[in-house]
Amino acid sequence: MFRNFLYEEKRGLFAFLATALVVLAATRLYMPRAEFLYTAVILAAGFCLFGILRYLDYSGRREALAEILGAPPEKTAAKDVEKKIRALEAEREAVQEADEARARHTREYMTVWSHQLKSPLFALRLLIPDEDAEPEEMLAEVFRMENYVDSLLGYYRLESDSTDYVFRTESVAELVAESVRKYRAAAAAAGSEIVLNAGDLRIVTDRKWFCFMFEQVLSNAIKYAARGAIRIGCDGGVLTVADEGIGIAPEDLPRLFERGFTGKNGRIQDRSTGLGLYLVHRVAKELNILVSVRSEAGAGTAVDFDLSAVTEGEAGSI
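Residues numbered from 1 in each chain as written. Predicted model: local features only at pLDDT ≥ 70, side-chain atom pairs only at ≥ 80, totals over all residues. Heavy atoms only, no water.

Caption draft 1: The packing of helix α7 (residues 207-224) against helix α9 (residues 276-286), seen in detail. Where α7 contacts α9, the two axes come as close as 9 Å, and the packing angle between them is 150°. Relative to α9, α7 is oriented roughly antiparallel. Between α7 and α9 the crossing geometry is left-handed. Contacts from W209, F212, M213, Q216, V217 and N220 of α7 reach α9 at G276, L277, L279, V280, V283 and A284. Considering only residue class, the contact of α7 with α9 consists of nine nonpolar, three polar and no charged. (Axes fitted to C-alpha atoms, helices over the stretch in contact; angles between N-to-C directions. Helix = DSSP H or I, 4+ residues; strand = E, 2+ residues; numbered from the N terminus. Parallel < 35°, antiparallel > 145°, perpendicular 65-115°, else oblique. Left-handed = near helix turned anticlockwise from the far one by under 90°. Contact = heavy atoms within 4.5 Å. Nonpolar A, V, L, I, M, F, W, Y, C, P; charged D, E, K, R; others polar.)

Caption draft 2: Focus on the packing of aromatic side chains. With the rule as written, the count across this model stands at three aromatic pairs. On the basis of an interplanar angle of 45° and a centroid distance of 5.7 Å, the ring pair of Y165 and W209 is categorised as tilted. A residue pair is termed long-range when its members are at least 10 positions apart, and Y165 in the loop between α5 (135-159) and β1 (167-171) and W209 in helix α7 qualify at 44 residues. You'll find Y165 and W209 in the same group, each marked buried. Ring geometry for W209 against F212: centres 5.5 Å apart, planes inclined by 80°, an arrangement best described as edge-to-face. (Phe/Tyr/Trp six-rings, centres within 6.5 Å; stacked < 30°, edge-to-face > 60°. Buried < 20%, exposed > 50% of the residue type's maximum accessible area, 1.4 Å probe, protein only.)

Caption draft 3: View of the sheet that holds strand β2 (residues 193-197). In spatial order, the strands read β2-β4-β5-β7-β6; together these five strands make up an open sheet with mixed pairing. Both outer strands of the open sheet, β2 and β6 (290-295), are each paired with one neighbouring strand and no more. The sheet shows a mean angle of 15° between the axes of neighbouring strands, taken without regard to direction. Pairing geometry for strand β4 (residues 229-235) and strand β5 (residues 238-243), over six bridges, is antiparallel. Its bridge partner lying in β5, G233 is registered against T240. Each of β2, β4, β5 and β7 (301-306) is contacted by α7, which is oriented at about 25° to β5, the strand it contacts most. (Pairing = 2+ DSSP bridges.)

Caption draft 4: Up close: helix α6 (residues 172-189). With 18 residues, α6 extends 26 Å between its outermost C-alpha atoms, agreeing within 8% with the 26 Å of an ideal straight helix rising 1.5 Å per residue. If you look at α6, its biggest bend is around 45°, right at Y183. Buried within α6 are the following residues: V172, L175, V176, A177, S179, V180, Y183 and A187. Looking one or two residues past α6, G191 carries a phi angle of roughly 85°, positive in sign. (Expected span 1.5 Å × (residues − 1). Bend = angle between axes of the 7 residues up to and from the residue.)

Caption draft 5: Geometry of the pattern of salt bridges. With the rule as written, the count across this model stands at six salt bridges. With a closest N to O distance of 3.7 Å, R231 and E244 form a salt bridge. Pair noted here: R231 is in strand β4 and E244 is in the loop between β5 and α8 (263-269), with a separation of 13 residues, a long-range link. A relative accessible area of 45% places E244 in the partly exposed class. (Salt bridge = Lys/Arg side-chain N within 4 Å of Asp/Glu carboxyl O.)

Caption draft 6: Representation of α7 within the structure. Its 18 residues give α7 an end-to-end C-alpha distance of 26 Å, which sits within 8% of 26 Å, the value for a rise of 1.5 Å per residue. Of all the 18 residues making up α7, 13 are buried; the element is thus mostly covered by neighbouring parts of the structure. Where α7 begins, one side-chain oxygen reaches toward the backbone nitrogen of K208, 3.2 Å away; that side chain belongs to D206. In the stretch just after α7, A226 is the one whose phi turns positive, near 55°. (Polar contact = N/O pair within 3.5 Å; in protein donor to acceptor, adjacent residues only side chain to side chain.)

Shown next, in the form of structure tokens:
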């Protein structure tokens with residue numbers, strides 16, 4: 001470390017030494033020899049004291065920096081410190097950018113979500129004074145609001161740093177049936193029929209998040225089914241939700257899981273936040289499930305959940 005000290009502190013030491021030599025030269029010219037020697041001794045002692053103090057200060061700084069860098073003091077150098085400072089600064093900027101992006105996305109989602117929530121509220125306002133309004137109609141609007149609220153809560157949980165996943169062995173048939181019961185009335189109101197054949201597959205998953213993911217897809221199928229059948233089946237470890245609806249334009253397929261992407265159908269019908277499939281993809285990734293979409297414009301859409309990695313007996317560490 002002493003060699004590093006001499007290298008990094010050479011400017012200060014050289015400046016002191018140069019000043020001392022100038023003083024000695026002046027003393028030699030204008031003072032008697034005895035006073036010159038006395039001055040030389042004083043300057044030498046001062047130089048040594050200066051060097052010792054600078055070395056102690058240097059050693060303290062090296063030890064402090066060594067703790068930050070996680071390396072022995074003798075192996076730390078100015079370039080290491082600069083590199084560490086740049087790395088910390090880059091990390092701080094990355095965190096700041098991520099926070100700003102998260103806040104921006106949240107604001108955008110809240111704007112769209114607020115707009116969508118107004119639709120069922122407005123419908124309820126019209127139905128309540130209407131004596132001929134059917135209770136089912138009002139319940140359907142309440143159900144829509146509940147779905148929007150669930151989506152909002154799911155979005156916030158996924159964007160937070162904490163998770164509440166609880167993995168257990170679950171029956172796919174039971175999970176799917178639970179969601180279908182919840183959405184069957186909405187499907188009937190939309191003129192669609194849900195045909196269920198989920199088999200008896202058992203998987204290791206989080207019940208709440210699996211249902212949330214599945215219901216996002218089921219809700220989309222009901223929304224775009226165009227009064228056709230919605231078929232849910234499980235074959236070879238792949239759970240499929242297929243509708244006979246309007247389908248998806250080919251150019252939209254590669255971007256379906258992007259945050260905020262609504263696609264041609266969403267823009268035409270103004271019924272999409274662009275976050276449903278994004279949330280599905282996020283949750284599926286956390287649950288170790290592969291999700292993919294097959295579709296043809298005008299011929300329906302099929303969403304496949306590959307459960308092979310979480311099938312009981314095959315599931316590894318999640």
